[in-house]
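# Inside the fold
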Amino acid sequence: MINRTLIRLKVVQLLYSYLIARVDFRLLPEPARRTRDAVWSYAVYTDLLMFIIELSGRSVDGRVALTGVPRQDSNDLYSLRVPKALAEDSAVRELLAREGVRMGRLRGALAPVYRRILNSTVFCDFSRKRKPSLKEETTMWQVLLTTVIARSPELVDVFRNDERHTLAGFEKGLAMVGETLEDFNQVSSMLIDATNQLESALMKSFELYHALLMLPVELTRLREEQLLAAKNKYLPSHDDLNPNTRFIENKFVAALRTTPELEKFCSDNGVGWGSEFYGMKDLLDRVMASPAYIDYMANESESTYEEDCDLWRRLLRDIVLPSDELAEMLEGKSVYWNDDMQVMGTFVLKTVKQAGRDDRTDEKGNRIVTLLPMYKDDEDRRFGPELFAAAVDHRVEYKALIDKYVKADWDPERIAFMDVVVMLTAIAELVRFPQIPLPVTMNEYTEIAADYSMPRSGQFVNGLLYSAAQQLKSEGVINK
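Right, let's walk through the structure included here. (Residues numbered from 1 in each chain as written. Predicted model: local features only at pLDDT ≥ 70, side-chain atom pairs only at ≥ 80, totals over all residues. Heavy atoms only, no water.)

### Concerning the pattern of salt bridges
- In the structure shown here, the tally under the stated rule is 31 salt bridges.
- Put simply, E379 and R4 hold a salt bridge, and the shortest N to O gap is 3.2 Å. On the criterion of sequence distance, the pair formed by E379 in helix α18 (residues 378–393) and R4 in helix α1 (residues 4–21) is long-range, its members being 375 residues apart.
- A salt bridge links D380 to R4; the nearest nitrogen and oxygen atoms lie 2.6 Å apart. On the criterion of sequence distance, the pair formed by D380 in helix α18 and R4 in helix α1 is long-range, its members being 376 residues apart. (Salt bridge = Lys/Arg side-chain N within 4 Å of Asp/Glu carboxyl O. Helix = DSSP H or I, 4+ residues; strand = E, 2+ residues; numbered from the N terminus.)

### Quick notes on the packing of helix α2 (residues 36–55) against helix α3 (residues 81–88)
- For the pair α2 and α3, interaxial distance at closest approach is 9 Å and the crossing angle is 120°. Read as a crossing pair, α2 and α3 show a hand that is left-handed. Of the residues in α3, those in contact with L49, I52 and I53 of α2 are P83, L86 and A87.
- Among the residues making up the contact of α2 with α3, the classes are represented as six nonpolar, no polar and no charged. (Axes fitted to C-alpha atoms, helices over the stretch in contact; angles between N-to-C directions. Left-handed = near helix turned anticlockwise from the far one by under 90°. Contact = heavy atoms within 4.5 Å. Nonpolar A, V, L, I, M, F, W, Y, C, P; charged D, E, K, R; others polar.)

### Describing the side chain of T425
- One can find T425 in helix α20 (residues 417–432).
- We classify T425 as buried; its relative accessible area is 0%.
- Every residue in contact with T425, bar those within four places of it in the chain, is listed here: V11, V12, L15, L387, A391 and Y445. (Buried < 20%, exposed > 50% of the residue type's maximum accessible area, 1.4 Å probe, protein only.)

### Concerning the environment of Q72
- Assignment of secondary structure puts Q72 in the loop between α2 and α3.
- For Q72 and V396, which are 324 residues apart along the polypeptide, the C-alpha to C-alpha distance reads 17 Å.
- Beyond its immediate stretch of four places on either side in the chain, Q72 contacts G57 and Y78.

### Quick word on the side chain of E325
- As for its position among the elements, E325 is in helix α16 (residues 324–333).
- Among the residues examined, E325 registers a relative accessible area of 18% and is labelled buried.
- A polar contact of 2.8 Å, which involves the side chain of E325, links it to the side chain of R286.
- If we ignore the near neighbours within four places in the chain, the residues touching E325 are G279, D282, L283 and R286. (Polar contact = N/O pair within 3.5 Å; in protein donor to acceptor, adjacent residues only side chain to side chain.)

See below:
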């Protein structure tokens, strides 16, 4: 029921917030007081960060060959996320450019340290984990740093032979690397929080579906209270004492009231309209003034269950869902709900329409209203988290692909960040989900850009995604 159109929108919204707030590495600043130990400790700090990058088979200065360390796929550390993040982080790259690359004197220590890491108990234990978390990997690097890397004789000799060497400065630099890695540990917490927020946002959409289905019940209950109050007033009129009860006896509303899944979900999740008396009253006034309601009440023959369903389908479609009153109530209940109204409203109307065609009853003879499940299947349930993770993990390479085509006609700095986020997510879907047809992905993200970014964003995003898709096809990355 929560379809992929809505999931894509939630992923884009969450990715936007996540990337705005995310800082991979909070690098420590250069020392304000340039004492011997302070200058030396900062040099040790930057050297060790470079050393970790090169241990993974990546060169920090563009050298083709690294001394004794396998490159890329043959390197057991290459696929690990910490050195990859270090190599891709813009702040780290700026630091390396500012400090200058000093890997020449350290490269002789790469091979022996690399072998010690592979043979260490810490790395062996980590390698046995089936799907280690980012937090677990970061912790491993923190332990390796102090027990293997910084204690390797070859590396220690290099630092000791530097004329600036002091033991206090070395230990301080080592602690600074540990502090930066600890800060990076917080990124894993941010990622977990963001994934949880995605699930929470989708659950809120599911809550909206149930809340909208409860509107006929609550509006009918409010009308019942009005009729009862009219009967009990001091001088009731003939119409007060003999009201037309056709509306409050609506068979579809009666079926909703006896739908246990709806009642349980609303009770368990605190979904309801009890605190919205004035908004519901205004909404009921709109309903009662509508031609659909007036025609329904004027009909003296007993209505069928299908006709009662049709009444509420029309009232919801034409009066309730588009109303300003409902939009205002939704705004006060959840920041997500007004964005989700179009999709969830469609599924509510689908549920009401299907109910009118369903003649099943329960053991008590009550009509059965079948509610839609939260997800169509497990594949849809996994789609959001997997899409978000793919966009986060590959954001640097996808951003480079985007920049390649942007730079031809545009200044990358002037492109709306939302457009960039939309394209990052779209490319992640193109690559990660080969079963989704290319035109579907293109159209979905073009619509998102048109609705949620700048006026011409849809056209811009569509053109750039087409160019990126053609390159990915030519490289064999996608085949669809």
